[in-house]
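What follows is each chain in one-letter form.
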Amino acid sequence: MLVAAYVAFAFLLVICIGLEFSACRSKLTGRSCSNPAFLSFQVDYYQVYFLALAADWLQGPYLYKLYQHYHFLEAQIAIIYVCGFASTVLFGLVSSSLVDRLGRKKSCILFSLTYSVCCLTKLSWDYFVLIIGRILGGLSTALLFSAFEAWYVHEHVERYDFPAEWIPATFSKAAFWNSVIAVGAGVVANVFAEWLGLGPVAPFMVSIPFLVMAGVLAMKNWDENYGKKRALSKTCTDGLKCLLSDRRVLLLGTIQALFESVIYIFIFLWTPVLDPHDPPLGIVFSSFMAASMVGSSLYRIATSKKYHLQPMHILSLSVLMVFFSLFMLTFSTNPGQENPLESFLAFLLIELSCGLYFPSMGFLRQKVIPEKDQAGVMNWFRVPLNLLACLGLLILHDSDYKTGTRNMFTICSVMMVMALLAVVSLFTVVRDNAELRMPSPAGHTEASSPEL
């Protein structure tokens, strides 16, 4: 398993570099950013945001291993995970309103503080302290995915008066470097935890300086801004109206909720499935992130002018790939007949599918669900189904129940069959809908680049 992890990581890294190099060459003829004020503004945003992302990704590879190192049973670890994820979902419901009222800059600084405390709780062997830490981690995650982007959009449009068409250029670059940071974070975590022999708590301690620097830079370089006050009840009511009035929204929301639930269960299960075979967890994590990065690159290639595949087709393929991977896992995790290499391959396919899925879903969601209703619509799907996934973990993943892991993958397979049926129904509904297609090559126009 040790050799397989390093070989897979090296292979995927080479593919990533090749695909990105090819993409860069194809962009050489395009116009590049040359507006110095805009570039300076991007740097102010990136230096804080990337530090926050690095701190977040560093904690991914060894979280389960840390709890296992403290001799907690699998059922106890599941409860800690569920507390953290439930807090992410619940805080996610109110995070936008909280950020708008408190202020985006203050919210980013609050993120740095709460996540630093979350990391410090990992030094404790006390079960209750660790649960509190995961709840703080849930709050921090909700702030990470709401405060930073909201701050940037407001500053971009309101304070600097840059064209709104330039916003995707910033977020596209941020998405690319997010993947690079995730890959690198796994390697760094592996170095501290295993190569230097500092144990699974080391990556969490390494995260703290990144969080402190992010908070200090935000405090020093960012201006404060606020958003409009929005009532949660009105957001959910508007989302329900949108949901009931458009079948496409219902089907798309169902697909996203089912997919997210399965991915959460995968995040919990990959370590206990592979760890008994002594893999380098940081390198395994980096391999997962590299596979996801390959998927994102393949999406860009597939939807390019050369191949011109539609996001709806890629969404269907990604859901089918996850179902196939889960089907593999029901056999490779059979008690007494475990096959770690097959399980590792299936996990890589799931991550590759994620790289295809998320940009496809993002494109379709933007076209189908009005922006003002997106949060409300997803609340009706994400919360109950993800809490259902948490309940499934608590019930089935008992350390004394040897077939619990296999049963969870079987349930996930059933969920993906439901997602496939929703995809087929959505495909039937939108088959002749030109709005959900990528622009044709003949009508393709280059987006304006920020320049003087």
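Residues numbered from 1 in each chain as written. Predicted model: local features only at pLDDT ≥ 70, side-chain atom pairs only at ≥ 80, totals over all residues. Heavy atoms only, no water.

Asks: So what exactly am I meant to see when it comes to helix α12 (residues 281-302) here?
Replies: Because the α-helix completes a turn every 3.6 residues, residues three or four places apart line up on one side. The first and last C-alpha atoms of α12 sit 31 Å apart over 22 residues, in line with the 32 Å expected at 1.5 Å per residue. α12 sits mainly inside the fold: 19 of its 22 residues count as buried. (Helix = DSSP H or I, 4+ residues; strand = E, 2+ residues; numbered from the N terminus. Expected span 1.5 Å × (residues − 1). Buried < 20%, exposed > 50% of the residue type's maximum accessible area, 1.4 Å probe, protein only.)

Asks: Which parts of the structure should I look at to understand the environment of Val 99?
Replies: Along the chain, Val 99 falls in helix α4 (residues 74-102). C-alpha of Val 99 to C-alpha of Trp 151: the two residues are 52 residues apart in sequence and 9.3 Å apart in space. When residues no more than four places from it in sequence are discounted, the contact partners of Val 99 are Arg 104, Ser 107, Leu 143, Ser 146 and Ala 147. (Contact = heavy atoms within 4.5 Å.)

Asks: How do you make sense of the packing of aromatic side chains when you look at a structure like this?
Replies: The way to describe two aromatic rings as a pair is by their centre distance and the angle between their planes. Applying the stated criterion to the full structure yields 41 aromatic pairs. A centroid spacing of 5.1 Å and a plane angle of 65 degrees characterise the contact between Phe 38 and Trp 166, whose relative ring orientation is edge-to-face. Placement of Phe 38 in helix α2 (residues 36-58) and of Trp 166 in the loop between α7 (147-159) and α8 (167-195) is noted, with a sequence separation of 128 residues between them. This pair shows no difference in class: Phe 38 is buried, exactly as Trp 166 is. Here the aromatic rings of Tyr 49 and Phe 50 are separated by 6.3 Å at their centres, their planes lie at 35 degrees, and the arrangement is tilted. Owing to a relative accessible area of 18%, Phe 50 belongs among the buried residues under this scheme. (Phe/Tyr/Trp six-rings, centres within 6.5 Å; stacked < 30°, edge-to-face > 60°.)

Asks: Would you mind going over the confidence of the model for the protein chain with me for this structure?
Replies: Low pLDDT means the predicted coordinates in that region are not meant to be read closely. Taken residue by residue, the protein chain gives an average pLDDT of 87. The fraction at 70 or more is 90%. Mean pLDDT values for the elements of the protein chain range from 72 in helix α15 (residues 374-396) up to 97 in helix α9 (residues 202-221). (pLDDT = per-residue confidence, 0-100.)

Asks: Would you take a moment to explain the nonpolar core for this structure?
Replies: Nonpolar side chains in soluble globular proteins generally cluster together in the buried interior. In this structure, Phe 148, Ile 255, Trp 270, Phe 288, Leu 326 and Phe 347 are the most contacted members of the largest nonpolar core, which totals 139 residues. It is helix α11 (residues 247-274) that contributes the most residues to this core, 17 residues altogether. In this structure, Phe 288 is in contact with Phe 266, Trp 270, Leu 274, Phe 344, Phe 347, Leu 348 and Glu 351, ignoring residues within four places of it in sequence. (Core = buried A, V, L, I, M, F, W, Y, C linked by side-chain atoms within 4.5 Å.)

Asks: What exactly am I supposed to notice about a nonpolar patch on the surface here?
Replies: Side chains of Leu 2, Val 3 and Val 7 sit close together on the surface and give an oily, nonpolar patch of about 290 Å² of accessible area. Here Leu 2 shows up in helix α1 (residues 2-27). (Patch = residues over 30% accessible without salt bridge, like charges linked within 9 Å, V, L, I, M, F, W, Y side chains within 5 Å. Areas by Shrake-Rupley, 256 points an atom, 1.4 Å probe, with all protein chains shown as cover. Salt bridge = Lys/Arg side-chain N within 4 Å of Asp/Glu carboxyl O.)

Asks: Sorry if this is basic, but what is going on with unusual backbone geometry here?
Replies: The phi torsion of most residues other than glycine is negative, and most of the peptide bonds are trans. A positive phi is found at His 71, a non-glycine position, where the angle reads about 70 degrees. For His 71, the position within the fold is in the loop between α3 (63-69) and α4. The exposure class assigned to His 71 is exposed, which follows from its relative accessible area of 65%.

Asks: What am I meant to see in the packing of helix α5 (residues 104-121) against α7 here?
Replies: Think of two packed helices as two axes; the pair is described by the angle between the axes and how far apart they sit. Two elements in contact, α5 and α7, have axes whose closest approach is 9 Å; the angle formed by their N-to-C orientations is 150 degrees. Taken together, the axis directions place α5 and α7 in an arrangement best described as roughly antiparallel. The hand of the α5/α7 crossing is left-handed. Residues Arg 104, Lys 105, Ser 107, Cys 108 and Phe 111 of α5 lie in contact with α7, whose contacting residues are Ala 147, Phe 148, Ala 150, Trp 151 and His 154. Across the contact of α5 with α7, the residue classes break down as six nonpolar, two polar and two charged. (Axes fitted to C-alpha atoms, helices over the stretch in contact; angles between N-to-C directions. Parallel < 35°, antiparallel > 145°, perpendicular 65-115°, else oblique. Left-handed = near helix turned anticlockwise from the far one by under 90°. Nonpolar A, V, L, I, M, F, W, Y, C, P; charged D, E, K, R; others polar.)

Asks: What's the story with the state of the cysteines in this structure? I'm lost.
Replies: The bond known as a disulfide is covalent and runs between the sulfur atoms of two cysteines. Counting across every chain of the model gives zero disulfides. For the unlinked cysteine Cys 119, the closest cysteine sulfur is that of Cys 118, found at 5.4 Å. Given the relative accessible area of 0%, Cys 119 is considered buried. (Disulfide = S-S within 2.5 Å.)

Asks: Can you help me understand helix α6 (residues 127-144) in this one?
Replies: Taking 1.5 Å per residue, 18 residues should reach 26 Å; α6 reaches 25 Å between its end C-alpha atoms and fits that length. Along α6, the residues that are buried comprise Leu 130, Ile 131, Gly 133, Arg 134, Gly 137, Gly 138, Leu 139, Ser 140, Thr 141, Ala 142, Leu 143 and Leu 144. Buried positions along α6 lie against α2, α3, α4, α5 and α7. Between a side-chain oxygen at the N-terminus of α6 and the backbone nitrogen of Phe 128 the separation is 3.0 Å; the capping residue is Asp 126. (Polar contact = N/O pair within 3.5 Å; in protein donor to acceptor, adjacent residues only side chain to side chain.)

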